[in-house]
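Notes for the structure review
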Amino acid sequence: EKELELAEHYYSVLEKAYGTESPEVLYAGHLLSIACDHSGLHKKQLEVRKKVHGLIGAIYGEDHMLYVASLVELSKAYSNAGMYADGIECAEEAYWASKKLNGDYHPETATCLMVLAAQLGNLGDYERALPQVKTEKMHLKREAIISLTKKKKCSARIIPTLSPR
């Protein structure tokens, strides 16, 4: 309860000092969202997260990793509030946005895919969730192996012994 009270106060003070469109207020909103989650106030967490996400979109635009990270957090907030379909929608949007910004094999893209799989799992849609996770793990392992062999200048004959089966 004290955490929520302090987070609300911090957010309010910074919003008055800096206005809504500042990184400081966005961070305070993030902390307030976490405090709401810790207090079990998931509907309020969702409201805060939507507001923060809207501000991030307005400040940085949709082609920015903060926007993608915000989509992931919004997805989790929807899920916490029991709105799983909306959570899946945000997770899918985050995945495709990260894929566009970072490429297929970036760690952030993998994180977005794992969040999407978790959201699908929340609904019991394991047929859609599991293949994505397995495919992404395989691609990431393959890319990591290729990257390591390039850095260490290993011979090509080592790669088949390390590749995923």
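For the structure, see preceding data.
These lines cover the structure that appears in this document, whether it is placed above or below. Since we're looking at a predicted model, the values are computed, not measured.

Next up on the list: the overall build of the chain. For the chain, the count of helices and strands is 8 helices and 0 strands. Along the chain, helices and strands appear, N-terminal first, in the series α-α-α-α-α-α-α-α. A total of 165 residues make up the chain; the buried ones form 35% of that total. By sequence separation, contacts in the chain at least 24 residues apart represent 52% of the contacts at least 6 residues apart. Of the accessible surface of the chain, which amounts to about 9800 Å², a share of 56% is contributed by carbon and sulfur atoms.

Attention now moves to the packing of helix α4 (residues 65-80) against helix α5 (residues 84-102). The contact between α4 and α5 brings their axes to 8 Å, and the two run at 160°. In terms of axis orientation, α4 runs roughly antiparallel to α5. Like other packed secondary-structure pairs, α4 and α5 cross with a definite hand, here left-handed. When α4 is examined against α5, the residues Met65, Tyr67, Val68, Leu71, Val72, Leu74, Ser75, Tyr78 and Ser79 are found in contact with a partner set consisting of Tyr84, Asp86, Gly87, Cys90, Ala91, Glu93, Ala94, Ala97, Ser98, Leu101 and Asn102. Classifying every residue of the contact of α4 with α5 gives 13 nonpolar, 5 polar and 2 charged.

Quick look at the packing of aromatic side chains now. This structure, assessed with the given rule, holds 1 aromatic pair. Measuring from centroid to centroid gives 5.1 Å for tyrosine 95 and tryptophan 96, while their planes differ by 70°, and the two rings are edge-to-face. Under the relative-accessibility criterion, tryptophan 96 is labelled exposed at 54%.

Attention now goes to the environment of aspartate 63. Among the secondary structure elements, aspartate 63 is positioned in the loop between α3 (42-60) and α4. At 3.2 Å, the side chain of aspartate 63 forms a polar contact with the side chain of lysine 100.

Another aspect to go through is helix α1 (residues 2-18). The first and last C-alpha atoms of α1 sit 24 Å apart over 17 residues, in line with the 24 Å expected at 1.5 Å per residue. Along α1, the positions that sit buried rather than exposed are Leu4, Ala7, Tyr11 and Leu14. Along the axis of α1, the buried residues cluster in a sector spanning 105°; they form a single face. Opposite the buried face of α1, at more than 90 degrees from it, the exposed residues are Lys2, Leu6, His9, Lys16 and Ala17. On its buried face, α1 sits against α2 (23-38) and α3. Immediately downstream of α1, the backbone of glycine 19 shows phi near 85°, a positive value.

Quick look at the nonpolar core now. The biggest cluster of nonpolar side chains holds 34 residues, and the ones touching the most others in it are Leu32, Leu46, Ala94, Cys112 and Leu116. Elements represented by at least two residues in this core include exactly α1, α2, α3, α4, α5 and α6 (107-122). Element by element, the count of residues in this core is highest for α4, at 7 residues. Those residues in contact with leucine 46 that lie beyond four places of it in its chain are Leu74, Ala77, Tyr78, Ala81 and Met83.

This paragraph deals with the pattern of salt bridges. Enumeration according to the criterion identifies 6 salt bridges in this entry. Two residues, lysine 44 and glutamate 8, come together in a salt bridge whose shortest N-O distance is 2.1 Å. With a gap of 36 residues between them, lysine 44 in helix α3 and glutamate 8 in helix α1 connect regions that are remote in the sequence. What makes lysine 44 partly exposed here is its relative accessible area of 28%.

The rules behind each value
Residues numbered from 1 in each chain as written. Predicted model: local features only at pLDDT ≥ 70, side-chain atom pairs only at ≥ 80, totals over all residues. Heavy atoms only, no water. Helix = DSSP H or I, 4+ residues; strand = E, 2+ residues; numbered from the N terminus. Buried < 20%, exposed > 50% of the residue type's maximum accessible area, 1.4 Å probe, protein only. Contact = heavy atoms within 4.5 Å. Areas by Shrake-Rupley, 256 points an atom, 1.4 Å probe, with all protein chains shown as cover. Axes fitted to C-alpha atoms, helices over the stretch in contact; angles between N-to-C directions. Parallel < 35°, antiparallel > 145°, perpendicular 65-115°, else oblique. Left-handed = near helix turned anticlockwise from the far one by under 90°. Nonpolar A, V, L, I, M, F, W, Y, C, P; charged D, E, K, R; others polar. Phe/Tyr/Trp six-rings, centres within 6.5 Å; stacked < 30°, edge-to-face > 60°. Polar contact = N/O pair within 3.5 Å; in protein donor to acceptor, adjacent residues only side chain to side chain. Expected span 1.5 Å × (residues − 1). Arc of directions from axis to C-beta. Core = buried A, V, L, I, M, F, W, Y, C linked by side-chain atoms within 4.5 Å. Salt bridge = Lys/Arg side-chain N within 4 Å of Asp/Glu carboxyl O.

In short, geometric facts, not functional conclusions.
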